[in-house]
Structure formats: C-alpha cells, structure tokens
Amino acid sequence: MAILLQQLINGLAIGAVYALIALGYTMVYGVLKFINFAHGDVYMVGAVIGYALAVPLVHAGAPVGVTLLIIFLGAMLGCATLGFFIELLCYRPLRKRPRLVALITAIGVSLLLENLFQNPAVFGANPRTMPHLFDIKPVISFHVGSSPDPVTINNLDLITLSLCLVLMTGLTWFVLKTRTGLALRAVSFRFDTASLMGINTDWVISVTFMLGSALAAVAGVVDAMRYHVEPLMGLSQGIKAFVAAVLGGIGSIPGAVLGGLIMGLVETLLKGYLPSAYSGYSDAAAFFVLILILLIRPTGLLGKPIAEKV
Amino acid sequence: MLAKAIRFVCYSTLLLVASLAISGCKKPPVQSNEILIGEYGSLTGSTAVFGQGTHKGIMLAVDEVNAAGGLLGKPVRVITEDDEGNQDEAVSVVKKLIDLDGVIGVLGEVASTRSLAGGGVCEDEHVPMISPSSTNPDVTKDRKYVFRVCFTDDFQGSVGAQFAVKQGWKKVAVLSSANSDYSKKLSYFFTQTFSQSGQIAAAETYNDGDTDFAPQLTGIRAAAPDAVYLPGYYTEIDLILKQARDLGITCPFFGGDGWDGVTLDKTSEGCYFTNHYSPEDPRPSVQTFIKSYEAKYNGEVPDAFGITGYDAANVMFDAIKRANSTDREAITAAIASTTNFPGAGGSITIDANHNAKKPICILEITGGKTHLADTIQPQ
Amino acid sequence: MAEQTLTPTMLHPGRIPIWVANVAILILIAILWPLSNAFDKYLDPYFLDLLIHIGIAIILAVSLNLINGITGQFSLGHAGFMAVGAYTGGVLLKHYSPQGAQLLVVFPALMILGGVVAGAAGVIVGVPTLRLRGDYLAIATLGFGQIITVILNQIDSVGSFEFGGSAGLHNIPIVTNFFWTYLAVVICVVTIARLVYSQKGRPFFAVREDEIAAAAMGVDTTFYKVAAFVIGAFFAGMAGVLSATVSGNLDPAGFNFVKSIEIVMMVVIGGSGSITGSIFAAAILTLLPEYLRGLESWRLVIYALLLIVMMLLRPEGVLGNRELWRTRRKLLVPGR
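Residues numbered from 1 in each chain as written. Chains lettered and ligands numbered in written order. Predicted model: local features only at pLDDT ≥ 70, side-chain atom pairs only at ≥ 80, totals over all residues.

Before going further, it helps to examine the overall build of chain B. The helix and strand tally for chain B stands at 11 helices and 14 strands. At 23 Å, chain B has a C-alpha radius of gyration in line with the 21 Å of a compact globule built from 379 residues. Over its C-alpha atoms, taken along the principal directions, chain B stretches across nearly 70 × 60 × 40 Å. Split into buried and exposed, the 379 residues of chain B put 58% on the buried side. (Helix = DSSP H or I, 4+ residues; strand = E, 2+ residues; numbered from the N terminus. Rg over C-alpha atoms; globule rule 2.2 N^0.38 Å. Buried ≥ 20, exposed ≤ 12 C-beta atoms within 10 Å, placed from the backbone.)

If you want it as structure tokens, here you go:
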C-alpha cells in the first residue's frame, strides 16, 4: 500500500511536467490546428538555458532563491523568444499552404534544434548535470500501514507540483479573464471570423507560441534539476507530452493537464509493476496509448468533436 | 525554364554517380610510407568517456612507438573515427577505415555491442581487430580476427559476487539494463555465482537512456537489501545513485567496469566497482604508465580506458613487429600468439579464445576519489 | 499555365509501345549480372558499397512515395516496415546459413518473404488508420514505427531463432551485392510506375486529391489506401532484407524515427508524387554525407536546414508532381 502511494506520488510529479509541455502542444493546436513537432526541443532549450545560467550563478555563490528565480525566468524568456521566432520565420509563411507542409517544416525545426545542440561547438551530445542547488529532502513524510519506509514527498516534487498548479491557474485566468485570452479563444473557435472581428490574429498566434514555449521552459528547468541536460531529452518527453495532450483532448487546456497527469501515473505504474521481463515495453506504452486513443476516441477525454476548445 | 532546370539536376546526378563509379575503380594497394592503424570509438554521445579515454591511451602509445623509430622503419599513424555511440555508425566507420583508408589493423571498441558490430566487418574483411576493454564473451566467440586485451564478463560477474559475499552482504538487489547486452550478461553471471551463497532480494530493470528510475528504486527500497548490484554504464548510474539517495536508500551500490566515469561525490560515497585498473596499483608497470600519461596530458590521471587503450595499441604494434610485415594475415597470427607481453596493466597472453587473462581491481569510492580495495587474480 | 485535362497518352511514360519497354527492361536485368561481377572485381569496395546503399535508398524512397506522394497518406513510420523485412531476412539467413548455389534461390525468396511480412505489417498499420487524416495519421504511423522498434528491442530470440534484442543481431551472412540490389530497384520502380501510370492506378491519385469526391465517384478508397500501404511496405521490406545483409549487422535503433524522416526527406525533396524525383533525391541524399565528410558534426544540421528551406521555398519538391519524361506539363490539374 505504501509502495503504491509512493508510486502514485512519483507519477503525479512526472505527470505535472508532462502537463506543462502538453499545454504548449494543445494551445498551438487549438489556435492553428497544427502539431508543433518542435515543441519538445523548445523544452530542451529551456533546460540548456537553465543550465547555462545556473553554472555561473552557483559559481559566484548566489543565494539559492535568487538563482532559482533567475534560471526560471531566464529560461522562460529565452524560450518565449525562441518560440516567437520559430513561428515567425518557419510557420507563418506557410499558413496558406497545406498543413502537411507545415508539419514537415516543424520536423525540420525539431531536427535542426536537436542537431545544433548536439554539435560540440554548441552544447555537445554528452549529458551534463546541473550544478548543485539544494539538497533534495523529503518535506512531507508519513507512514502508511505497517511498512517500515515512510511515503515521502520531497522538496523538488513539491516545487514541481506547485509550479505546475500556479502556472495552470495563471494560464486559465489569462485565457478566461483577459482580452488577449478572449482573443485566443476567438481565434481557436473560428480563425477567419476572428480576424474579421478586428483581432490581430498574427499577434494572438505569437502570444500562443510564446506562452506555450515559456511553460515548456519551466518543465525543462525542472527536469534539468531532477535528471540531467542533454540535447535529445526533448524527444521522448515531447512525444509523451504530445500523447498526453491528445489523451486529454487536443485543444483543451484542462484536457492537457488531465492527460499529463494520467500519462505520468500510467508510466510510473507500468515501470513499477510490470514484471522485469517486460519492462522494456514501457517505452512503447506512450505510443500504444496514443494509437488506442486515436482509434477509439480521437477527440480525447475532454475534447469535443468540433470547435469549442479553450 | 523550370523544366530545363529539372532536367539539369537529374542528369547531373546521373553523371555524378557514374563518375563515382569510374573514379572508384580498384587501385593496386598503395605502398604507403606510414603504418596505418584504424581506431573507432564513441568520442561523442552518452558514453563519450569511454571513447575519449581510450583514444588518449592509444595516442600515448603512438607517441612512444614513433619516438623509438616507428615500426618496420616507418612512422605509425592512427586514423580515429567517431561512431557516436551508435552501432550502425560503428559498422560504417570501420568499413571506411578498412576500405577507404586501407588500415592494416583496427583498435576498438569499448562497448561490447559496438565491438560486436565492428568486429563483424573486420571478420568479413579479414582485418585484425583488438578491443581494449569489451568484456562480453561473445565479442571474440567464433571469430578468427577479433581479439581483446581485457577480462571477460563471466569472470567479472563472479568476482562481483565473491566480493559481495566477502563483504557479508546476504541480501542483494540487482538493477540491470534491459537493453544493454553488457548489463544483462554481467548481471546474469553475478546472479549465477551469488545465489549460491546469498539471496537476490529483488531484480529490477531499466532501459539505457531512461532518466527516471523512481519506480524501480521504490521497489528496491521496499526489499531492504544489504547492497544493490548495478552493472550499467556511468551515465545512468549517476542518475540512479542520485535518485536512490533522494529516496532514502542508503545501502552501498556496486557494479562493473561500466562505472568508470561515474561522478565521484556524496551520492557515490561508499560504492564499489570492478575495473581493469586502479591508479593506486603499486606495480611498476602501472606507475610508469601513469607518469608518462600525466606528462603528456598535463597532469591528468589516466582512467581504465586509457591504460587498456595503451595496451591494445602496444599489442598491435608488437604483433606487427613480430610478423615483420604489413600483411593482415601475418599480423593476425602474430596477435594470436602473443605470450607474456609486458602490458602496463599486467602481463598479456592471448589465449585460444582470443581473450587475455587479467586481474580485476575492486575500487571503492570514498572521499570523492577511488581507492583500490582489492585485486583478484584470474584462475 | 494552361490547364490540361488528363488523357491516357499523357499518363503513359513516353509514347513507346509496351512490348518495347518490356524488352528494354529484360535486357537491363540481363546486363545486371555481368555488370555486378565486373564491379566486384574492378570497383573499389567502398564505392560499390555506396552504390548499393543508393539502390536501397531508391527502393525506400519510391515505395514511400507511393504512400505519401501519390496516395497522399502521410506515413512517418516507413522505417518500421523496413525493420520488419530486415529482421525477417536477417534472422532466417543467420539461422539457416545457406551456402553458395543455394543462395541464388534462397535469397530472392527471402527478399520476397521479407516483403510479404512487411506487407502484412502494412495491413496492420493501414486498416486501423483509415479514418485518420493528415497530422493524426502522421502521428499514428510514427507511433507504429516506434512500437515496432521497441518490440524488436525486446525480442532476444523466438524459439531457436536468434533476434538479438537491443544488443543487435550480428554475424549475419553478407549476401547483398550490386546485382540483387539493382534487380530489386528495377522491379520496384517498374512495378510502381506501371501501376500508378495506368488506368488501374488513377484511384491512388484520386484518393490524394479529394477523398470524399473519389468515394462519391465510386472509388473504393479503403482498398486503395490499404493497397498503397501494403505495396509500399512490401518494397520497404525488400529493401530491409537487402540492408540487413549488406553489413551483416542489425540494430533496432537504426530503424527509428530518424531513419523514417530521412526517407521522408528524400520523397519530399525529390517531389511528392514524382517517382523519378524520389530516385534522384535518394541518390543525392545518400551521396551527400560522403561529400560532407569533413563537416560530419554539422551534417544533420545542414539536412534540417535544407528541409526547412525546401519547405519554405518549394514545398512540392524539386520535381513536384512531374516525372522526368513529363517535365513541361504538370500531371494533375487544379490547385497545384
């Protein structure tokens, strides 16, 4: 029982990260009806920026709180800019073209980012660990049943979960309560009509990309602290987050969150409880889930068949 | 206009391919005035430490042999190719080394999987290959042209088990990689020996490339083992140790030569691993090597990959000297008959299975450094 | 540009009578055997290897073009079909190890078998994805490709047949040579070209242009979509068998998403819908790494940039919809 609870907590923490990345996919799809393949690599760039900022800061002995603030904000800013320029240069010119052209371009951007960062001149293919910021200590710890080991939630997990909560609340507030959020909803409802109503669709799309990229950056920094930084980290995380977005209903913000949490739980439980002989299949779990959803309920759990999304 | 451009592109491609065919005509083997040896390794990628360490050792050997006048009166040149840690790339670079560059011998690789891949090419093209530190027994099995200058995993696994017994660990958990042949084989040999006198408390697996190990570690924590056998590569070991300590698992972890390169810090404190060498080894051959290495590389202490690369290169050079020719068959025969060659890591004799019987060092990580805990001689 | 309506003569490559074309093809095949022997003797093995890799790439590109370019089904999992064929051929060849003269019969049989098994995989992928459109189809095929790779990573052996799992399969007998490769190339190109540029093949284009209209006109879109997948997968499987036996080594990681993308690049750059475009793009993209040897670490960056620039400037590819023998007129009409 205690083990199950611990696995569930692990799963939620991982799921929160997937949710953050999935939000980017879902928002872009909602506005443009387009799968941004390069999103996973924006997440990776966020991690790299976080690493690049952390190294000199830790070296200079800056206090932990300040360092954390700077690396998160820096990564968010950096990725928002990156997202803005990717959209401007690579996707905007192709808006009138068949969607598959944009998809291939997105794949191209993804490959570009991955291989650019693998080049030793930029980052190199070797994984690097973040400089030590704080000790990972259990913050909440309680005993369940007769097990000798307590179920623990450590400070990194708490930071992840609370960041996720804060950001998602902020995003929902933004989408529901601000004018730009209203414009965003309008554009994802009906693109052409929205522009007829006087909405600057180009600007709305840029904002969407910037928001999504900033969220991915946060996920990137969190994973950098939890694991390590390497140029291909966006590949597997990106695909899982994408599946999460589809699972929850692509275009739906609460769907992305739900999908992310479910994916995190499924992955953790599979890894923990599959007999050793089959543990390798957990890699395929995400794809399996994806195909299952696409075949059974392509609109996802919270998605509705037509326009009403955000 | 466009039509013309398209035709131009198409016909010029045809011309390109045709000219390639013509220029690629077989030339008679050029009498090079250098001795060309090929090296392939993972200079980049998640196991970059393997390739780079081996490369440095090889280069030291090259410097020394050239300073002594080269081989057969000619200077030695090693052509190095990066396989990026990828099997298919390994095959392709070994082919390039043999067919395009015309090397007479190949040095590589560290990872057994890539040695198997590259070894297949060498076997097919009848070119001798010496692996410095691939430990999977299959690398040399049934192969005429592939050799190694290190011990094999059946020995390493059983040594690990004997060490565990000596430490008094009764319950050991095993955490191995399901998609690494090295890890699977090593854990198999360990389990075989250890289960005779102890209990395997839990057996979990992960995949190379994974970053999150909480599920497996939670299961291990629940089994409350005395120690955990972790026969993997340093990249994952770093992550696993960090996450294990975060989860509150305090028992020692231990593993094999893939640990070399692991970050020596708080998380690896009190851990052990079996390896090909230790800088504290008092034998004069080792100390001499360390001094020359430090002299060449600005005081950097060599790792196991450096010393095995050095020895592999020297065995190759020695074989060329004894064969007294650049004929690949003669060199292969000479390597096979290597007896009591004074390698830096110990005396090297190539046995009938093309393997070398070398002692294993058991290293302990304390105070941010590795210390030699024990040395086990081969049977 | 004046709009052209389709006429049968436009579809038939050139205005050569069919029997002349057949004889020409037979002569071509007959030349391959002595040509192959000559190459073995006189050509540097490295360049011979290169030519063989070009041949394999051509088969992959042309077969993917049938699915992506001609039928308009965006498949990102082509490497999965190649893997199925490669493992079928590699595992069986390693297990039975036929020698000498036996190979002359066994190897073509293996190529066909590899193709058939891959074709079966094509059915498994094609049928469930019938309802999916555009990007969803792309992701689903990507998923299938990855699942195949993961499964191959897990299988160490089936009964007494060794698969190798994630460590890869080694010591596969090396059988592929110029003859087998280019025999397969000729068969693949001729079959697909004949199929597509005939009365029987027009429904493929119809499905691409407007699926609903095609269905309304009585085209069995289900059949043609699945057929495209099956035929494309069949040839990909053949290419897989060839690639397994060219280096004697099989690694599941070599059939992942990146490989699929490389094949997609060949189709896209050559021209989706153009068979000759795919052939030339396959040749160029296989040769490019050789010329970029000095810039090894930048190679994939250059590829990615090439892809992006191509999509921005000329998304229909170099040849677009045209074939080499029909460069002046676009083959199909409105909107392109």
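Turning our eyes to something else, we now look at the packing of helix α2 (residues 39-59) of chain A against helix α4 (residues 99-118) of chain A. Residues and elements named next belong to chain A. At a minimum axis distance of 9 Å, the contact between α2 and α4 shows a crossing angle of 30°. The orientation of α2 with respect to α4, classified from their angle, is roughly parallel. In this structure, the crossing between α2 and α4 has a hand that is left-handed. Of the residues in α4, those in contact with Gly 40, Asp 41, Met 44, Val 45 and Val 48 of α2 are Ser 110, Leu 113, Glu 114 and Phe 117. Classifying every residue of the contact of α2 with α4 gives five nonpolar, two polar and two charged. (Axes fitted to C-alpha atoms, helices over the stretch in contact; angles between N-to-C directions. Parallel < 35°, antiparallel > 145°, perpendicular 65-115°, else oblique. Left-handed = near helix turned anticlockwise from the far one by under 90°. Contact = placed C-beta atoms within 7 Å. Nonpolar A, V, L, I, M, F, W, Y, C, P; charged D, E, K, R; others polar.)

A few words on the interface of chain B and chain C. In this complex, chain B contributes 30 residues to the contact, which on the side of chain C involves 34 residues. Those elements that provide at least two residues to the side of chain B that touches chain C are α1 (2-23), α3 (87-100) and α4 (112-125) of chain B. For the side of chain B that touches chain C, the element with the most residues is α1 of chain B, which contributes 10 residues. In the side of chain B that touches chain C, the residues fall into 14 nonpolar, eight polar and eight charged.

Turning our eyes to something else, we now look at unusual backbone geometry. Backbone torsion omega between Gly 108 of chain B and Glu 109 of chain B reads -10°, so that peptide bond is classified as cis. Among the secondary structure elements, Glu 109 of chain B is positioned in the loop between β3 (105-107) and α4.

A few words now on the sheet that holds strand β4 (residues 129-131) of chain B. All names here are of chain B. In space, the five strands of this open sheet follow the order β2-β1-β3-β4-β5, with parallel pairing throughout. Among the strands making up the open sheet, the edge pair consists of β2 (76-82) and β5 (146-148). The sheet shows a mean angle of 25° between the axes of neighbouring strands, direction not considered. Pairing geometry for strand β1 (residues 35-41) and β2, over seven bridges, is parallel. Across the sheet, the residue bridging to Glu 39 is Thr 80, located in β2. Helix α10 (residues 304-323) rests against β1, β2, β3 and β4 of the sheet, and its axis sits at about 165° to β3. (Pairing = 2+ DSSP bridges.)

All names here are of chain B. Extensive coverage of β1 is indicated by the burial of six of its seven residues. The β-α-β motif built from β1, the intervening helix α2 (residues 48-67) and the parallel element β2 has right-handed crossover chirality. With three bridges connecting them, β1 and β3 associate as parallel partners. When the bridges of β3 are listed, Ile 37 appears paired with Gly 105. (Right-handed = clockwise from strand over helix to strand, strands pointing away.)

In this section: the interface of chain A and chain C. Across the contact, 31 residues belong to chain A and 30 residues belong to chain C. Elements with a contribution of two residues or more to the side of chain A that touches chain C: α4 and α11 (282-296) of chain A. Here the side of chain A that touches chain C takes 13 residues from α4 of chain A, the largest share from any one element. Of the residues belonging to the side of chain A that touches chain C, the class tally is 23 nonpolar, five polar and three charged.

This paragraph deals with the sheet that holds strand β9 (residues 253-255) of chain B. Backbone hydrogen bonds hold the strands of a sheet together, and the pairing may be parallel or antiparallel. Residue and element names in this part refer to chain B. As summarised here, the arrangement of the seven strands in space is β7-β6-β8-β9-β10-β13-β14, forming an open sheet in which the pairing is mixed. Among the strands making up the open sheet, the edge pair consists of β7 (199-206) and β14 (369-376). Strand after strand, the sheet turns through a mean of 25° between neighbouring axes, direction not considered. Where strand β6 (residues 171-177) lies against strand β8 (residues 227-229), three bridges are found, and the strand directions are parallel. Opposite Val 172, over in β8, you have Ala 227 as the bridge partner.

So, to be careful, I would describe these as geometric facts and stop short of saying anything about function.
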